[in-house]
Amino acid sequence: MRQEQEPAGLGVEEVGPGVLRVQLPVDIPGLGHVNTYVIPDRRGVTVVDPGMSLRKSRKALVHRLRLAGVRLADVHTVVITHSHPDHYGAAAWLAEAAGAEVMTHAAFSISWLPDDCDAHVHEVDPEDQPVGNPHDGPTPWGGAKFRPPLRHRLVPRSRHPRPRRRVRHGEVVRLADRDWVAVHTPGHTLDHLCLVDPEHGLLLSGDHLLPTITPHISGIGTGRDPLAAFLVSLDRIAALAPSVALPAHGHPFGDLAVRIDRLKAHHHGRLEALRQALADGEPASVPELMRLLFAPARQGAIAESETFAHLQHLHHAGVLERYDKDGRLVYRAAPPTAGFPFR
């Protein structure tokens, strides 16, 4: 069992100066918990990633806060690292119950809400803006409609968070009575936010850096070249040189430079595997190439989406050509003069 798959623990743990960790149950395949960080200060507490909207998760959050000596009324800020339901699901409920403000990156949006996905994408590079709602129709490669589970789509709009504070890259955020720096880290999502404490070398890494699994890089709704954005974001974190990552799943870990190098090597390996598979000039579809990268137990829509992200990266680099064949998007090797500029 990988760390991220472990069931939610029941206690409260101090994982850094002025930072407490509690774990909440989740209902997402491949994950056993989400780490919620409770950060006290003179005003009360900030809660980072308050978990899913499930009743059992909300009850667990209240119980864990009580163990930490925190009342709901003490919560003045709810930070959401990114727009996945295991991170934002309970945020609206907690903010309303506590009278707290919700803080996200400026580009935060919930992609399957019809009028939300384009609301704040102007906060990112124009080339990275998604076009329309990525869950409205068939996938770009001709697959079935890519939609989140029904239980997430049925959550009423009133139970989705409404950020009162949207921070941008480099903005200073006050947590635990000291300054943290907001770091925009797109790739896993377009709106992913990390927070760095330069004084103590702490990194609230969300899903951007996890201890034992590789964050999913989706080709749907995450920008023009999400893999390039993810690799650049890894370098952005490496340049800040934090010493300890506080991830959204799994346990705190050090040696971040080593972990970042391994993540980059993993994706470079997949890019090379795709390039080699298409080197003979024969075209192949996303589902066909997905089966090259993923073991049978992991194949499916999510794997197709990540394969698409890697193929798009190679296409934008000029390594692959793509065209429509019988209603399906297929890729083949570009002319041999094209380079292969790993980023």
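Residues numbered from 1 in each chain as written. Predicted model: local features only at pLDDT ≥ 70, side-chain atom pairs only at ≥ 80, totals over all residues. Heavy atoms only, no water.

**Quick notes on the overall build of the protein chain**
Thought 1: Broken down by element type, the protein chain carries eight helices and 15 strands.
Thought 2: Burial analysis of the protein chain (343 residues in total) assigns 54% to the buried set.
Thought 3: Pairs at least 24 apart in sequence give 61% of the contacts found in the protein chain among residues at least 6 apart.
Thought 4: For the protein chain, the exposed surface amounts to about 14800 Å²; the carbon and sulfur share of it is 50%. (Helix = DSSP H or I, 4+ residues; strand = E, 2+ residues; numbered from the N terminus. Buried < 20%, exposed > 50% of the residue type's maximum accessible area, 1.4 Å probe, protein only. Contact = heavy atoms within 4.5 Å. Areas by Shrake-Rupley, 256 points an atom, 1.4 Å probe, with all protein chains shown as cover.)

**Some remarks on the confidence of the model for the protein chain**
Thought 1: Of the residues in the protein chain, 86% reach a pLDDT of 70 or more, and the chain-wide mean stands at 89.
Thought 2: Confidence over residues 117–122 falls short of pLDDT 50; this stretch has 15 contacts with residues more than four positions distant or in other chains. (pLDDT = per-residue confidence, 0-100.)

**Here we look at the sheet that holds strand β13 (residues 284–285)**
Thought 1: Spatial ordering of the open sheet is given by β13-β15-β14, a layout of three strands whose pairing is antiparallel. Lying at the two open borders of the sheet, with one neighbouring strand each, are β13 and β14 (320–325).
Thought 2: Contacts from helix α8 (residues 301–316) reach β14 and β15 (328–333) within the one sheet, and its direction differs from that of β14 by about 120°. (Pairing = 2+ DSSP bridges. Axes fitted to C-alpha atoms, helices over the stretch in contact; angles between N-to-C directions.)

**Quick look at the environment of Ile80**
Thought 1: Looking at where Ile80 falls in the secondary structure, it is placed in the loop between β5 (75–79) and α2 (85–88).
Thought 2: Along the chain, Ile80 and Gly206 lie 126 residues apart, while their C-alpha atoms are 8.8 Å from each other.
Thought 3: Dropping the residues within four chain positions of it, Ile80 is found in contact with Asp49, His87, Tyr88, Ala91, Val102, Met103, Thr104, Phe108, Pro161 and Leu193.

**Things to note about the sheet that holds strand β1 (residues 13–16)**
Thought 1: Judged by pairing direction, the sheet is mixed, and its seven strands sit side by side in the order β1-β2-β3-β4-β5-β6-β7 without closing on themselves. Whereas interior strands pair on both sides, the edge strands pair on one side only; in this sheet they are β1 and β7 (165–167). Each neighbouring strand pair of the sheet contributes to a mean axis angle of 30°, computed without reference to strand direction.
Thought 2: Inspection of the sheet shows strand β3 (residues 34–40) paired to strand β4 (residues 45–48) by four bridges, in the antiparallel sense. Bridge pairing in β4 links Ile39 to Thr46.
Thought 3: Of the strands in this sheet, β2 (19–24), β3 and β4 touch helix α1 (residues 55–67), which is tilted by about 150° from β2.
Thought 4: The strands that helix α3 (residues 91–98) touches are β4, β5 and β6 (101–105); relative to β5, the one it contacts most, it runs at about 165°.

**Thoughts on the packing of helix α5 (residues 226–240) against α8**
Thought 1: As a packed pair, α5 and α8 sit with axes 7 Å apart at the nearest point and diverge in direction by 85°. Put simply, α5 runs roughly perpendicular to α8. Along the contact surface, α5 presents Pro226, Leu227 and Ala228, while α8 presents Ala309, His310 and His313.
Thought 2: Taken together, the residues of the contact of α5 with α8 sort by class into four nonpolar, two polar and no charged. (Parallel < 35°, antiparallel > 145°, perpendicular 65-115°, else oblique. Nonpolar A, V, L, I, M, F, W, Y, C, P; charged D, E, K, R; others polar.)

**Digging into the packing of helix α7 (residues 286–293) against α8**
Thought 1: Where α7 contacts α8, the two axes come as close as 9 Å, and the packing angle between them is 100°. As summarised for this structure, α7 and α8 are arranged roughly perpendicular, according to the angle between their axes. Packed against α7, whose contacting residues are Val286, Pro287, Leu289, Met290 and Leu293, the element α8 presents Ala303, Glu304, Thr307, Phe308 and Leu311 at the interface.
Thought 2: In terms of residue class, the contact of α7 with α8 is made up of eight nonpolar, one polar and one charged.

**Re unusual backbone geometry**
Thought 1: One non-glycine residue, Asp49, lies in the positive phi region at around 55°.
Thought 2: Position of Asp49 relative to the elements: it lies in the loop between β4 and α1.
Thought 3: Residue Asp49 is classed as buried on the basis of its relative accessible area of 2%.

**A look at α1**
Thought 1: If you check α1, its first and last C-alpha atoms are 19 Å apart, about what 13 residues at 1.5 Å a residue would give, namely 18 Å.
Thought 2: Those residues of α1 that sit buried are Ser57, Arg58, Ala60, Leu61, Val62, Arg64 and Leu65.
Thought 3: On its buried face, α1 sits against β2, β3, β4 and α3.
Thought 4: Positive backbone phi, approximately 75°, marks Gly69, located one or two places after α1. (Expected span 1.5 Å × (residues − 1).)

**Section: the packing of aromatic side chains**
The geometry of two aromatic rings is summed up by the distance between their centres and the angle between their planes.
Thought 1: Considering all chains together, one arrives at two aromatic pairs under this definition.
Thought 2: With 6.2 Å between their ring centres and 85° between their planes, Tyr88 and Phe108 make a pair best called edge-to-face. Taken together, the residues Tyr88 in helix α2 and Phe108 in the loop between β6 and α4 (150–153) connect sequence positions 20 residues apart.
Thought 3: With 5.0 Å between their ring centres and 45° between their planes, Trp141 and Phe308 make a pair best called tilted. Pair noted here: Trp141 is in the loop between β6 and α4 and Phe308 is in helix α8, with a separation of 167 residues, a long-range link.
Thought 4: Trp141 sits in the buried class, given a relative accessible area of 2%.
Thought 5: Classification of Phe308 by relative accessible area gives buried; the value is 4%.
Thought 6: Directly above the ring of Trp93 sits Arg58, whose terminal nitrogen or CZ lies 5.8 Å from the centroid.
Thought 7: Sitting above the plane of the Phe294 ring, Arg270 keeps its charged end 4.2 Å from the centroid. (Phe/Tyr/Trp six-rings, centres within 6.5 Å; stacked < 30°, edge-to-face > 60°. Lys NZ or Arg CZ within 6 Å of the ring centre and 35° of its normal.)

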